[in-house]
Amino acid sequence: MGLDRQNRYNRARAVNYAKTFALSPNPGFKYFQIYETLGGDCTNFISQCLLAGGAPMTYTTEYAWWYNKSGTYDTNDDRWSVPWAVAHSLYWTLKVNNNSNIDAAKGLEVGSAAMLELGDLIFFEDDNGVIFHSTIVTGYSPIDTLISQHTYEALNIPYIRSWEAKRYHYLKIRV
């Protein structure tokens, strides 16, 4: 696979970050509480994993992806782009970046979880066609792909036991 040779995404670092902070969120980043209609911390956590894996923040592109710390101890003063924290926005940003091949995190959609590697992402789509949840592949069992996530916090659980979804989107990540 020529694609993998050119990939600067450090899967091991992304997965190590995910395993370190899956059950106990990193206090250096804003934690998004669960809001009934607005979601929670899942995509913020996935963005942190991508960053740990070497994905560069992008500020000037149409599909910007970034997080700015305020320089205070209070993460409520921090700022972030919409794709940093919203599942459907991150999904589309990764796909658009892949199609335009810019210097940013990219996601190539594949047909099944069996095609994913550690550090790749799984997005969940509801009955209305809205992508509402994001997870990172952090392990394997003999029968399933295991993910780690926030909203609710979980480490190495089968992805099909996370949130109920009508459809799953499997993204191979590269930088």
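Structural data are supplied above this passage.
The structure reproduced in this document is the subject of the present report. What you see is a predicted model; the values in this text were computed from it and never measured.

### Details of the sheet that holds strand 7 (residues 154–158)
Argument step 1. Strand order in the open sheet made by the six strands is 3-8-4-5-6-7, with antiparallel pairing throughout. Pairing within the sheet leaves two strands with one partner each, and these edge strands are strand 3 (106–110) and strand 7. Strand-to-strand twist of the sheet, defined as the mean angle between neighbouring strand axes without regard to direction, takes the value 40 degrees.
Argument step 2. Across five bridges, the pairing between strand 4 (residues 121–125) and strand 5 (residues 131–140) is antiparallel.

### What to know about the packing of helix 2 (residues 11–21) against helix 3 (residues 42–52)
Argument step 1. Between helix 2 and helix 3, the least distance of the axes is 7 Å, while the angle of their chain directions is 140 degrees. Here helix 2 lies oblique to helix 3, going by the angle between them. The handedness of the crossing between helix 2 and helix 3 comes out as right-handed. Between helix 2 and helix 3, the contacting residues are Arg13, Ala14, Tyr17, Ala18 and Phe21 on the first element and Phe45, Gln48, Cys49 and Ala52 on the second.
Argument step 2. Split by residue class, the contact of helix 2 with helix 3 holds seven nonpolar, one polar and one charged.

### Quick look at unusual backbone geometry
Argument step 1. Between Thr151 and the following residue, Tyr152, the backbone shows a cis peptide bond with an omega angle of 0 degrees.
Argument step 2. By the element assignment, Tyr152 lies in the loop between strand 6 (145–149) and strand 7.
Argument step 3. Non-glycine residue Asn101 carries a positive phi angle of around 55 degrees.
Argument step 4. Looking at the element boundaries, Asn101 is found in the loop between helix 5 (87–100) and strand 3.
Argument step 5. In this structure, Asn156 is a non-glycine residue whose phi angle is positive, near 55 degrees.
Argument step 6. You can see Asn156 is positioned in strand 7.
Argument step 7. For Asn156, a relative accessible area of 29% corresponds to the partly exposed category.

### With respect to the pattern of salt bridges
Argument step 1. According to the stated counting rule, one finds seven salt bridges in the structure shown.
Argument step 2. With a shortest N-O distance of 2.6 Å, Glu117 and Lys172 are connected by a salt bridge. Of this pair, Glu117 sits in the loop between strand 3 and strand 4 while Lys172 sits in strand 8 (residues 167–174), placing them 55 residues apart in sequence.
Argument step 3. For Lys172, a relative accessible area of 10% corresponds to the buried category.
Argument step 4. Between Lys172 and Asp120 there is a salt bridge, with the nearest N and O atoms lying 3.2 Å from each other. Taken as a pair, Lys172 in strand 8 and Asp120 in the loop between strand 3 and strand 4 lie far apart in primary sequence, 52 residues in all. Pair check on accessibility: Lys172 and Asp120 agree, each one buried.
Argument step 5. Counted as one network, the salt bridges with shared partners bring together Arg11, Glu117, Asp120 and Lys172.

### A short note on empty space enclosed by the protein
Argument step 1. The tally for this structure, following the rule as stated, stands at one cavity of 30 Å³ or more.
Argument step 2. What lines the largest cavity is Leu50, Pro56, Thr58, Trp65, Leu90, Thr93, Leu94, Asn97, Ala104 and Ala105.
Argument step 3. A breakdown of the residues in the lining of the largest cavity according to their chemical character gives seven nonpolar, three polar and no charged.

### Notes on the packing of aromatic side chains
Argument step 1. Enumeration over the complete set of coordinates arrives at 16 aromatic pairs.
Argument step 2. On the numbers, 5.9 Å between centres and 20 degrees between planes, the contact of Tyr59 with Trp66 is stacked.
Argument step 3. Take Trp66: its relative accessible area is 14%, and that puts it in the buried class.
Argument step 4. Taken together through their ring pairs, the aromatic side chains of Phe29, Phe32, Trp65, Tyr67, Trp80 and Trp84 make up a single cluster.
Argument step 5. Residue placement shows Lys30 over the ring face of Phe32; its charged tip is 6.0 Å from the ring centre.
Argument step 6. The lysine or arginine in question, Lys69, covers the ring of Phe29, its NZ or CZ lying 3.8 Å from the ring centre.

Procedures and definitions
- Residues numbered from 1 in each chain as written.
- Predicted model: local features only at pLDDT ≥ 70, side-chain atom pairs only at ≥ 80, totals over all residues.
- Heavy atoms only, no water.
- Pairing = 2+ DSSP bridges.
- Helix = DSSP H or I, 4+ residues; strand = E, 2+ residues; numbered from the N terminus.
- Axes fitted to C-alpha atoms, helices over the stretch in contact; angles between N-to-C directions.
- Parallel < 35°, antiparallel > 145°, perpendicular 65-115°, else oblique.
- Left-handed = near helix turned anticlockwise from the far one by under 90°.
- Contact = heavy atoms within 4.5 Å.
- Nonpolar A, V, L, I, M, F, W, Y, C, P; charged D, E, K, R; others polar.
- Buried < 20%, exposed > 50% of the residue type's maximum accessible area, 1.4 Å probe, protein only.
- Salt bridge = Lys/Arg side-chain N within 4 Å of Asp/Glu carboxyl O.
- 1 Å grid on protein atoms, 1.4 Å probe; cavity = no way out; pocket = protein on both sides within 12 Å on 5 of 7 lines; lining within 4 Å.
- Points joined across faces, edges and corners; volume = space filled by probe spheres on them.
- Phe/Tyr/Trp six-rings, centres within 6.5 Å; stacked < 30°, edge-to-face > 60°.
- Lys NZ or Arg CZ within 6 Å of the ring centre and 35° of its normal.

Any functional reading would require information beyond the geometric quantities listed.
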